[in-house]
Amino acid sequence: MDGRGLPGGPFEDVEPLTGGTQNTLIRFRRGGRDYVLRRGPSHLRAKTNDVLRREARVLAALDGTGVPAPRLIADCPDESVMGGAVFYLMTPVEGFNASVTLPEPHAGDASVQREMGLNAARALSALGAVDHEAVGLAGFGKPVGFLERQVGRWMSELDSYSALDGYPGPDIPGLDDVARWLEDSRPKTWRPGILHGDYHLANLMYSYDGPEVAAIVDWEMCTIGDPLLDLGWLLATWPDRADQSAALAGPLGAAGGLPAASDLVATYAERAGAVAGRDLSSINWYAVLACFKLGIVLEGTHARAFAGKAPKETGDLLHSITVGLFQRAQGFIDS
């Protein structure tokens, strides 16, 4: 920090922050300025440092855009400084996660809850409007063939679970039908952009004062791909009181004031820069792909549970969610 010219002095108000990832977050104050340090867990995973380097690059690129996200203050890609861990400093987010808690005035006002939902779409449209090459992210991902390789990529992932001892194979009704429909119905044209990769309510922080999105967080899955997959992901995970998705979205999902999924698409479409060159008439295809991909990811924990590498109750729960996601995918296909 001293070498980067940041304010000096003692470290004050040091506290760990909890979140939905395995990475370490620590908030502190130094020289009259607040910071959040982000690094990998104590026992680093194989790709953690590469992920942290990518996150820092994205947050730096988003500075100066209208995308609500933490801003990068300084990063350290050198693994030797902190015992093998890449880390960076970013601005703190003054907000709350509505999948964990819902304070007032949000809890008691359905109109605020509705705007929170619409603002999730608006924040995403701001990201979709960013020219990734103009902000220095050319070469960040592999957009060529992005849509074409999705089904094969995730079917291969599912096949890989068979190497886990005791796993009998996927029992996912509709799996082959959904995969076939995705291949047959794939959009013919699309425009590359920044893809968050895991866009849902639990990865948003909301302002304490109102329904605005304070920040999109957890950028570890970010790449250059088709931004409409983020919108599809939001639709695939959107709370529906007819199934358990409302409970998974926590207090905001249970409150009942969120808008319909169709309203999210209409709100996203209001920003011309987000939809230029993008075919929103194909949005159901992206929602089906999101259900397909997320369902296969969750099935991995189910498979690991058979091998004794995850709790059985967790594996069973996630398998039930996978089955529900494929049912939701069929609903998008039928509509």
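In this text the structure is predicted, and so the values were computed from the model without any measurement.

Q: What is the right way to look at the overall build of the chain in this model?
A: Scanning the chain for helices and strands turns up 11 helices and 9 strands. Since a compact globule built from 335 residues should have a radius of gyration of about 20 Å, the 20 Å found for the chain is in line with a globular shape. In the chain, which comprises 335 residues, the proportion classed as buried is 50%. Look at the contacts in the chain between residues 6 or more apart in sequence, and 70% of them connect residues 24 or more apart. Surface exposure of the chain reaches about 15100 Å², of which carbon and sulfur atoms provide 52%. Counting 30 positive and 42 negative side-chain charges, the chain places the centres of these two groups 5 Å from one another.

Q: I tried to follow the side chain of T322 on my own but got confused; where do I start?
A: Structurally, T322 can be placed in helix α11 (residues 312–334). T322 sits in the buried class, given a relative accessible area of 0%. Apart from residues lying up to four places away in sequence, T322 is in contact with I172, G295, L298 and E299.

Q: What am I meant to see in α11 here?
A: Note that an α-helix has 3.6 residues per turn; residues three or four places apart therefore point the same way. Between its first and last C-alpha, α11 extends 33 Å over 23 residues, near the 33 Å set by a 1.5 Å rise per residue. Where α11 is concerned, the buried positions are G315, L318, H319, I321, T322, V323, L325, F326, R328, A329 and F332.

Q: What's the story with the packing of aromatic side chains in this structure? I'm lost.
A: Any pair of aromatic rings gets described here by the distance separating the centres and the angle formed by the planes. Under the defined criterion, the tally for this structure stands at 8 aromatic pairs. Residues F96 and Y206 carry aromatic rings whose centres are separated by 6.4 Å and whose planes lie at 40° to one another, so their mutual orientation is tilted. Taken together, the positions of F96 in the loop between β5 (87–90) and α2 (110–128) and Y206 in strand β7 (residues 204–206) put the pair 110 residues apart, joining distant regions of the chain. For the pair formed by F96 and Y206, the shared burial category is buried. A connected cluster of aromatic rings, assembled from ring pairs, spans F11, F28 and Y35. In this structure, R54 packs its charged tip against the face of F140, placed 3.9 Å from the ring centre. The lysine or arginine in question, R153, covers the ring of W154, its NZ or CZ lying 4.1 Å from the ring centre.

Q: Any chance you could explain the side chain of R328 here in plain terms?
A: With respect to the helices and strands, the residue R328 is situated in helix α11. A relative accessible area of 15% places R328 in the buried class. A distance of 2.8 Å separates the side chain of R328 from the backbone oxygen of A236, its partner in a polar contact.

Q: Even after reading the chapter, I still don't get the sheet that holds β5, so can you show me in this structure?
A: The strands making up a sheet are joined through hydrogen bonds of the backbone, oriented either antiparallel or parallel. The strand order across the open sheet built from 5 strands is β1-β2-β3-β5-β4, with neighbouring strands paired in antiparallel fashion. The strands lining the two open edges of the sheet, one partner per strand, are β1 (12–17) and β4 (72–76). The mean inter-strand angle of the sheet, taken between neighbouring strand axes irrespective of direction, is 20°. Across the face of the sheet, helix α1 (residues 48–62) comes into contact with β3 (33–39), β4 and β5 while running at roughly 25° to β5.

Q: Honestly, the domain arrangement of the chain in this entry has me stumped. Any pointers?
A: Here the domain parsing of the chain yields domain 1 (2–90) and domain 2 (96–334). With centres defined by C-alpha atoms, the gap from domain 1 to domain 2 works out at 26 Å. Contact with domain 1, which involves 17 residues of that partner, is made by 20 residues of domain 2. When the two sides are added together, the surface that domain 1 and domain 2 hide from each other amounts to roughly 1500 Å², 66% of it contributed by carbon and sulfur. Among the residues of domain 1 in contact with domain 2, R54, R57 and P68 are the three that bury the most area, contributing 35% of the side total. One can count 2 salt bridges joining domain 1 with domain 2. Linking R38 and E220 is a salt bridge whose minimum nitrogen-to-oxygen distance equals 3.3 Å. The tally of links between domain 1 and domain 2 comes to 7 residue pairs in polar contact (both at pLDDT 80 or more). The element that contributes the greatest number of residues to the side of domain 1 that touches domain 2 is α1, accounting for 8 residues.

Procedures and definitions
- Residues numbered from 1 in each chain as written.
- Predicted model: local features only at pLDDT ≥ 70, side-chain atom pairs only at ≥ 80, totals over all residues.
- Heavy atoms only, no water.
- Helix = DSSP H or I, 4+ residues; strand = E, 2+ residues; numbered from the N terminus.
- Rg over C-alpha atoms; globule rule 2.2 N^0.38 Å.
- Buried < 20%, exposed > 50% of the residue type's maximum accessible area, 1.4 Å probe, protein only.
- Contact = heavy atoms within 4.5 Å.
- Areas by Shrake-Rupley, 256 points an atom, 1.4 Å probe, with all protein chains shown as cover.
- Lys, Arg positive; Asp, Glu negative; His and termini not counted.
- Charge placed at Lys NZ, Arg CZ, Asp CG, Glu CD.
- Expected span 1.5 Å × (residues − 1).
- Phe/Tyr/Trp six-rings, centres within 6.5 Å; stacked < 30°, edge-to-face > 60°.
- Lys NZ or Arg CZ within 6 Å of the ring centre and 35° of its normal.
- Polar contact = N/O pair within 3.5 Å; in protein donor to acceptor, adjacent residues only side chain to side chain.
- Pairing = 2+ DSSP bridges.
- Axes fitted to C-alpha atoms, helices over the stretch in contact; angles between N-to-C directions.
- Domains from an automatic or database assignment.
- Buried area = accessible area lost by both parts, 1.4 Å probe.
- Salt bridge = Lys/Arg side-chain N within 4 Å of Asp/Glu carboxyl O.

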